[in-house]
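So you can see what is in the structure, the chains are spelled out below.
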Amino acid sequence: MQKALEIGKKSATGSFQLFIGQASSTAIMAVGAIILARIIAPAEYGLYSVALIPSYMVILFRDWGINSAITRFTASLRAQKSEGKTYGIIKAGLIFEMATGFFLSLILISLSGFIASTVFNRPESAPLIAIASVTVFAGALQTVAQSTFVGFERMELSSLTNVCQAIVKSVAAPFLVLMGFGALGAILGYTISFVASATIALIVLYLTVIRRIKRENPGDLNTAKTLREMLRYGIPLSISSIISGFLIQFYAFIMAIYCVDTAIGNYQIATQFATILTFFTIPISTVLFPAFSKINPQKENGLLQTVFASSIKYTSLILVPATIGLMILSEPLVSTLFGEKWTQAPFFLALYVVNNLFVIFGSLILGSLLAGIGETKMQMKLSLITLAIGIPMSLVLVPSMRIVGLILTTIIAGKPSLAIGIYWIRRKYNVKIDIDSSIRILTASAIAATASFLAINLTAYADWIELTIGTLTFAATYLLAAPTIRAINKSDISNLKTMFSGLGALSKLINIPLNFMEKLPNLK
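Residues numbered from 1 in each chain as written. Predicted model: local features only at pLDDT ≥ 70, side-chain atom pairs only at ≥ 80, totals over all residues. Heavy atoms only, no water.

Trainee: Just to check I follow, could you spell out the overall build of the protein for this structure?
Mentor: Secondary structure summary: the protein contains 21 helices and zero strands in total. Going through the 524 residues of the protein one by one, you find that 55% of them count as buried. Expressed as a percentage of contacts within the protein between residues at least 6 apart in sequence, the contacts between residues at least 24 apart total 84%. With an accessible surface of roughly 22000 Å², the protein has 67% of that area assigned to carbon and sulfur atoms. (Helix = DSSP H or I, 4+ residues; strand = E, 2+ residues; numbered from the N terminus. Buried < 20%, exposed > 50% of the residue type's maximum accessible area, 1.4 Å probe, protein only. Contact = heavy atoms within 4.5 Å. Areas by Shrake-Rupley, 256 points an atom, 1.4 Å probe, with all protein chains shown as cover.)

Trainee: It is not clear to me how the packing of aromatic side chains should be interpreted in this structure. Could you clarify?
Mentor: The relative placement of two aromatic rings is captured by the distance of their centres and the angle of their planes. In total, this model carries ten aromatic pairs according to the counting rule given. Judged by centre distance (5.7 Å) and plane angle (55°), the rings of tyrosine 45 and tyrosine 48 are tilted. With tyrosine 45 and tyrosine 48 both in helix H2 (residues 42-59), this residue pair falls three residues apart, about one helical turn. Between tryptophan 424 and tyrosine 429, the aromatic rings sit 6.2 Å apart at their centres with planes inclined by 75°, giving edge-to-face as the arrangement. Overall, tryptophan 424 belongs to the partly exposed group, its relative accessible area being 21%. The buried category is assigned to tyrosine 429, whose relative accessible area is 7%. (Phe/Tyr/Trp six-rings, centres within 6.5 Å; stacked < 30°, edge-to-face > 60°.)

Trainee: It is not clear to me how the environment of serine 335 should be interpreted in this structure. Could you clarify?
Mentor: Considering the arrangement of structural elements, one finds serine 335 in helix H13 (residues 330-338). Taking the C-alpha atoms as reference, serine 335 lies 6.6 Å from aspartate 463; in sequence the two are 128 residues apart. With near-sequence residues (within four places) excluded, serine 335 lies in contact with Glu340 and Asp463.

Trainee: Sorry if this is basic, but what is going on with the side chain of threonine 386 here?
Mentor: Looking at the secondary structure, you find threonine 386 in helix H16 (residues 376-412). Every residue in contact with threonine 386, bar those within four places of it in the chain, is listed here: Leu247, Ala413, Gly414 and Ser417.

Trainee: I'm lost on the pattern of salt bridges in this one. Help?
Mentor: Where charged atoms from two side chains of opposite charge approach closely, those side chains can pair. For the coordinates displayed, the defined rule picks out three salt bridges. Here glutamate 375 makes a salt bridge to lysine 428, at a shortest N to O gap of 2.9 Å. Within this pair, whereas glutamate 375 is found in the loop between helix H15 (366-372) and H16, its partner lysine 428 is found in helix H17 (residues 415-429), the two being separated by 53 residues in sequence. For glutamate 375, a relative accessible area of 14% corresponds to the buried category. (Salt bridge = Lys/Arg side-chain N within 4 Å of Asp/Glu carboxyl O.)

Trainee: What should I look at first to understand the environment of arginine 486 in this one?
Mentor: In this fold, arginine 486 is placed in the loop between helix H19 (463-484) and helix H20 (490-500). Arginine 486 gets classed as partly exposed once you look at its relative accessible area, which sits at 45%. On a C-alpha basis, the gap between arginine 486 and alanine 444 in space is 9.1 Å, while along the polypeptide they are 42 residues apart.

Trainee: Just checking my understanding: could you explain a nonpolar patch on the surface for this structure?
Mentor: A cluster of nonpolar side chains, namely Val31, Ile35, Ile39 and Leu178, defines an oily patch on the protein surface of about 350 Å² accessible area. By residue number, the principal contributor to the nonpolar patch is helix H1 (residues 2-39), which donates three residues. Relative to the assigned elements, isoleucine 35 resides in helix H1. (Patch = residues over 30% accessible without salt bridge, like charges linked within 9 Å, V, L, I, M, F, W, Y side chains within 5 Å.)

Trainee: Quick question: what am I supposed to make of helix H14 (residues 345-352) here?
Mentor: An α-helical segment advances 3.6 residues per turn. Residues three or four places apart therefore align on the same side. A large share of H14 lies buried, amounting to six of its eight residues. Three or more residues of H14 are buried, namely Ala345, Pro346, Phe348, Leu349, Ala350 and Leu351. Contacts made by the buried residues of H14 are with helix H10 (261-274), helix H12 (301-328), H13 and H16.

Trainee: I would appreciate a short explanation of the packing of helix H4 (residues 86-119) against helix H6 (residues 134-151) in the present structure.
Mentor: The contact between H4 and H6 brings their axes to 7 Å, and the two run at 165°. The orientation of H4 with respect to H6, classified from their angle, is roughly antiparallel. Remark: the crossing between H4 and H6 carries right-handed chirality. Each of Ile90, Gly93, Leu94, Glu97, Met98, Gly101, Phe102, Leu104, Ser105 and Leu108 in H4 lies in contact with H6, whose residues at this interface are Val134, Val136, Phe137, Ala140, Leu141, Val144 and Thr148. (Axes fitted to C-alpha atoms, helices over the stretch in contact; angles between N-to-C directions. Parallel < 35°, antiparallel > 145°, perpendicular 65-115°, else oblique. Left-handed = near helix turned anticlockwise from the far one by under 90°.)

Trainee: I'm lost on the side chain of threonine 100 in this one. Help?
Mentor: Position of threonine 100 among the secondary structure elements: in helix H4. A distance of 3.3 Å separates the side chain of threonine 100 from the backbone oxygen of glutamate 97, its partner in a polar contact. (Polar contact = N/O pair within 3.5 Å; in protein donor to acceptor, adjacent residues only side chain to side chain.)

Trainee: Where do I start with unusual backbone geometry in this structure?
Mentor: Most peptide bonds are trans, and most residues other than glycine sit at a negative phi. Positive phi is not limited to glycine here, since asparagine 430 has a value of about 55°. Phi is positive for arginine 486, which is not a glycine, with a value near 65°.

Trainee: What am I meant to see in the environment of serine 330 here?
Mentor: In this fold, serine 330 is placed in helix H13. Serine 330 gets classed as buried once you look at its relative accessible area, which sits at 6%. Separated by 57 residues in sequence, serine 330 and phenylalanine 273 have C-alpha atoms that sit 8.8 Å apart. Excluding its chain neighbours within four sequence positions, the residues that come into contact with serine 330 are Pro346, Leu349 and Ala350. A polar contact of 3.2 Å, which involves the side chain of serine 330, links it to the backbone oxygen of methionine 327.

Don't take any of this as a statement about function, it's just geometry.
Rendered as structure tokens:
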């Protein structure tokens, strides 16, 4: 248990550093998105969203698992006290990503006219698609740096690059739209932010990691051999990522064909709000990858079970109430920040975030576990199952139900794979979910949601007042309900305090709600 707490403490510290970066960058981009949404027409915003789809799709075929291999191999070599060898890993990964990124950007530029006219039936989007293609190359450089930062557990550096990108995007895009460039200005701002953050990421990578490692390593490395080893690990994982990403972009293509620009704009506003939850999901899944990589599943099976079950429980304690709260408060939230012209966005948002509730069954943790212990082939098989379900389902639901059909497809398609994956790891490694805790957390969140719903619907105040009342009511009710129905106990509070103790003064702030629950007389 002590080793599990040490892993938890290290993961909590890294997660918090990523959380700060994710929260900061998302908050900055949210401000930029709010400004952009208020000054751009819904149809222009929809055109901007459609023009980004091809670059999103092409990016799926750029990586081939190299960035995941960088993180895993550098973390493993550092654990073996062989940090000097990581230089070869970084060098091979950077060469590969630069080559594939540059090649794919050129292909997308050459196909931009065909995609705009023939696929999307929007010829005016051709120059927008061509400009956005630059992000394929720039993003390759940035992700190599960020994968290295994670492998070296320098999470704050990864956060730095995200914040820089957010600042540039949030300033450049609205400014160019105000200058009269419309959707073109939004695309230019988006692309410039990638170029700027990639440049900063490479400079920071050299100054903080590469320069020191090069002094320790003679440099006579077999880059081709290193790259083959990385691809051997990364390709099954990459196929899984390509399948998952392809599904998302396939859904986007279907959406662009069957949905009008106004509905697409409302959907994009909804997904902007849903990124609030990535404050929690991205840091957790990113940090758990190297954490699981340090565990030998054959020799440390008990530790694997403890870390897996605890990761699900403690993640659910935060993510489940945040998700349900966002669902209940979607209407006053959208109206307060974006105005009342986005009439469809609140419903799209409430439905879209339902997927996060499956964290109680391990949806957020399973991928990190399989990748961390090297079971990338199983992860690939699960992705193929999702693909086989998702494509035909989208072809049926999106043409008939439009955006609602798209959201339902994304929720339903991956659940058979989740069930199979959870069953498989239980059978092979005897690792299982604490289902009782998951149900109690969901129940506590539902109680808080009911209280918040009644509070905002029994009043007739302005949207921002309803938002404030609803948020405070939800938080207070959850803090009372969770310990009352034993969704959290004294042991959990003690473990959480230990895990967050490495955050210095900030741990005192986090301890406020923990101390409140700890003093309740009904806490077991």
